[in-house]
Structure formats: structure tokens, C-alpha cells
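Commentary on secondary and tertiary structure
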Amino acid sequence: MTDKYSKLTNGTVISNESFIIDEPKVIEYLNSINDSSNNKLNSSSKNHIPPMCISALSLRGVISKLEIPGGTIHTSQELEFINIATIGEKLSCKANLVLNSTRGDWRFLTISMKVTNENGNTIMLGKSNIMLPMNNK
Amino acid sequence: MNENDQLIIVEKYITKEKILEYANASGDFNPIHINNDFAQKSQFGQVIAHGMMIAASISEMMTINFKNDWIKSGKLKLKFKSPVFDKEKIIVSGEINKIKILENGKEITSSVQVKKESGEIVITGNASVIQNIN
């Protein structure tokens, strides 16, 4: 069975997008997960973007570019927080395909992500494993 | 903190409404999360929460336990084992496995997990954080 994802080779740049996470977006994100742990942080991190918010919005670019089919399942995730990002800072996320394989009716993709700020500092590294149903040509 | 110490736990109640809120906040509109008709025909039979939505509760627990050190140096390695459905409660917990002394601090590695009230495991993994000596 072939599908459009079979043409993706290891190393392919899946997405390379810049985005700004403003305060309303951070609030919307934290409200959606009922997370008030920011109150535990001291003032040196007062205006930071929660790292999981950055990872979620970075994944959004990957999901969008890949046009993943409904029914795709996220099977594992690795994240490494390197530097703090500040609210309103312009961030860029580059995502590359690391692995592309099939088993049964599923395609398995491993995608690496690197989020940097305007100064070129690495904010976060990530690796996602997703499985896509192969009935979507 | 010492090896074998238990981390302060986090408990959450997941609802369809919160899943939709997370979809809007994250931009992940996979129909398995938000479309009842689609989800009913899937292997799950109903909508499921985003894996990253549940994973965020682990990061919340780590923030509660390690505060600024977590957001500055956290590392997570997670496996999504089973889905979370509407009206399910999750319990997020962790235990310190290893404390490695570094030149200017220590690296604390914990096993972390999310489970349901039934005991079903949702996420397992490891989280590590570096605590610097100021």
C-alpha cells in the first residue's frame, strides 16, 4: 500500500516556521489544561512561555504541514528544555523527518524538532513518534 | 530531595469541553479529539484527549516540584500507553530514581506516570532536571 507519506525520506524538512506566542495565547493554553503551576515560579521566570505551550504550538506546524489524517496517534514524545523563551519573543521551529516505516495498516513517523529564538539560541529540542492510518492515500 | 522520594502528585478531571479548549489552544484539530462521529468509528469508540494535553500535566507536576529548574533544564521522555476519555480522572505521579552529583549542582531523574482511577496506565516515562548550586 502506498500513500503520499511514502515519499518522505529521512532528513526531509517537514516544517520551518516562525511564530510569536503572546500573553493571551499563553493564558488560553494554561486555561485549557487547568495549569496554575506558574504561581510556583519565582520572578526571574515571570514572563516565560511554558515550555509545553511551545512544544504544543511547534507540533501544530508539523501537523499542519504533514496534513496528517484523522485517526493519527501520538505514541511517544521526548522534550528537552534548553533555554527559557519570553512572552512575545519570535520563535522558529524546524522539524525534520528522522524515520519513516510501515507495519500492518500503519505508517510510523519519527520527527525531530528544534525551536530557536531570534538570537539563534536553542529553546527546546524534541522528538515525536506518530502512527498514521494508511487508508488515507 | 532524595532517591525514592515521591513527587507531589497532580490530579485532573478531563472533559470533552477541556479537550476542545486544548484543541483550540494548540491548533490540533485531529477529529479523533473533537469529532464524535469520527471518533465513534475509530478503534477508541469515542473522542480521546490529546497526548500532549495529558503530557502537560506531567510538566505541571515537575514545575510544582522543581519550580524554575524545571522550565530551565527539564527533559522528558514519554510513552503514550492508552487514551484518556471524557469524564475521566487522571493521577500524575513520580518518584526520584537517581541523583547524580554534577560540578555545579545535581541532576535528578524521576520515573513519571499518568494513570486513571482504575489504575490503567496512560503515560509512562522519565523526567530529569538539573538543580544548580547558587
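Some points on the environment of Gly88(A)
All names here are of chain A. Position of glycine 88 relative to the elements: it lies in the loop between strand E2 (73-81) and strand E3 (90-103). Look at glycine 88 and you get partly exposed, because its relative accessible area is 41%. Spatially, the C-alpha atom of glycine 88 lies 8.8 Å from that of isoleucine 49, the residues being 39 residues apart in sequence. With sequence-adjacent residues up to four places away left out, glycine 88 is seen in contact with Ile20 and Ile21.

Considering the packing of helix H2 (residues 51-66) of chain A against helix H1 (residues 16-26) of chain B
Where H2(A) meets H1(B), the axes come as close as 9 Å, and the angle between the chain directions of the two elements is 70°. Taken together, H2(A) and H1(B) sit at an angle that is classed as roughly perpendicular. Only Tyr22(B), Ala25(B) and Ser26(B) of H1(B) make contact with H2(A), whose side of the interface consists of Ala56(A), Leu57(A) and Arg60(A).

A short note on the interface of chain A and chain B
Contacts between the two partners involve 40 residues from chain A, matched on the other side by 36 residues from chain B. In total, about 3,200 Å² of surface goes out of reach between chain A and chain B, with carbon and sulfur atoms giving 60% of it. Three residues, Ser32(A), Met52(A) and Phe81(A), lead the burial of chain A against chain B; their summed loss comes to 18% of the area buried on that side. Across the contact surface, chain A and chain B share one salt bridge.

Examining the environment of Thr9(A)
All names here are of chain A. Assignment of secondary structure puts threonine 9 in the segment before strand E1 (13-20). A relative accessible area of 49% means that threonine 9 is categorised as partly exposed. Taking the C-alpha atoms as reference points, threonine 9 and asparagine 100, 91 residues apart in sequence, are found 7.0 Å from one another.

Details of the sheet that holds E1(A)
A sheet is described by the order of its strands in space; here ten strands give the open sequence E1(A)-E3(A)-E4(A)-E5(A)-E2(A)-E2(B)-E5(B)-E4(B)-E3(B)-E1(B), paired in antiparallel fashion. The outermost strands of the open sheet, each flanked by one partner alone, are E1 of chain A together with strand E1 (10-14) of chain B. Pairs of neighbouring strands in the sheet enclose a mean axial angle of 15°, with direction left out of account. Relative to strand E4 (residues 106-117) of chain A, E3(A) runs antiparallel, the two being bridged by twelve bridges. By the bridge assignment for E4(A), Cys93(A) is matched with Val115(A). Sheet strands touched by H2(A): E1, E2, E3, E4 and strand E5 (122-133) of chain A together with strand E2 (75-80) of chain B. Its angle to E1(A), the strand with the most contacts, is close to 130°.

Structural notes on the packing of aromatic side chains
For the coordinates displayed, the defined rule picks out two aromatic pairs over all chains. For the pair Tyr29(A) and Tyr22(B), a centre-to-centre distance of 6.0 Å together with 55° between the ring planes defines the contact as tilted. Of this pair, Tyr29(A) sits in helix H1 (residues 23-32) while Tyr22(B) sits in helix H1, each in a different chain. When the centroid spacing of 5.3 Å and the interplanar angle of 80° are considered together, the rings of Phe81(A) and Trp70(B) count as edge-to-face. One end of the pair, Phe81(A), is in strand E2; the other, Trp70(B), is in helix H5 (residues 68-73), on a second chain. Look at Trp70(B) and you get buried, because its relative accessible area is 0%.

Considerations on the packing of H1(A) against H1(B)
The angle between the axes and the distance between the axes are what describe a pair of packed helices. Packing of H1(A) against H1(B) brings their axes to within 8 Å, and their N-to-C directions diverge by 155°. By the angle class used here, H1(A) and H1(B) are roughly antiparallel. Here H1(A) and H1(B) pass one another in a crossing that is left-handed. Across the interface between the two elements, Lys25(A), Glu28(A), Tyr29(A), Asn31(A) and Ser32(A) of H1(A) pack against Lys18(B), Glu21(B), Tyr22(B), Asn24(B) and Ala25(B) of H1(B). Here the contact of H1(A) with H1(B) is built from residues that sort into three nonpolar, three polar and four charged.

A short note on the state of the cysteines
Tallying each qualifying case throughout the model produces zero disulfides over all chains. Cys93(A) takes part in no disulfide bond, and the closest cysteine sulfur to it belongs to Cys53(A), at a distance of 13 Å.

As for the confidence of the model for chain A
With 97% of its residues at a pLDDT of 70 or more, chain A has an overall mean of 91. The secondary structure element of chain A with the lowest average pLDDT is H2(A), at 92, and the one with the highest is E4(A), at 97.

Here we look at a nonpolar patch on the surface
A surface patch of nonpolar side chains, about 250 Å² in accessible area, is lined by Leu20(B), Phe29(B) and Ile34(B). Take Leu20(B): it is sitting in helix H1.

Quick notes on the rules
- Residues numbered from 1 in each chain as written.
- Chains lettered and ligands numbered in written order.
- Predicted model: local features only at pLDDT ≥ 70, side-chain atom pairs only at ≥ 80, totals over all residues.
- Heavy atoms only, no water.
- Helix = DSSP H or I, 4+ residues; strand = E, 2+ residues; numbered from the N terminus.
- Buried < 20%, exposed > 50% of the residue type's maximum accessible area, 1.4 Å probe, protein only.
- Contact = heavy atoms within 4.5 Å.
- Axes fitted to C-alpha atoms, helices over the stretch in contact; angles between N-to-C directions.
- Parallel < 35°, antiparallel > 145°, perpendicular 65-115°, else oblique.
- Buried area = accessible area lost by both parts, 1.4 Å probe.
- Salt bridge = Lys/Arg side-chain N within 4 Å of Asp/Glu carboxyl O.
- Pairing = 2+ DSSP bridges.
- Phe/Tyr/Trp six-rings, centres within 6.5 Å; stacked < 30°, edge-to-face > 60°.
- Left-handed = near helix turned anticlockwise from the far one by under 90°.
- Nonpolar A, V, L, I, M, F, W, Y, C, P; charged D, E, K, R; others polar.
- Disulfide = S-S within 2.5 Å.
- pLDDT = per-residue confidence, 0-100.
- Patch = residues over 30% accessible without salt bridge, like charges linked within 9 Å, V, L, I, M, F, W, Y side chains within 5 Å.
- Areas by Shrake-Rupley, 256 points an atom, 1.4 Å probe, with all protein chains shown as cover.

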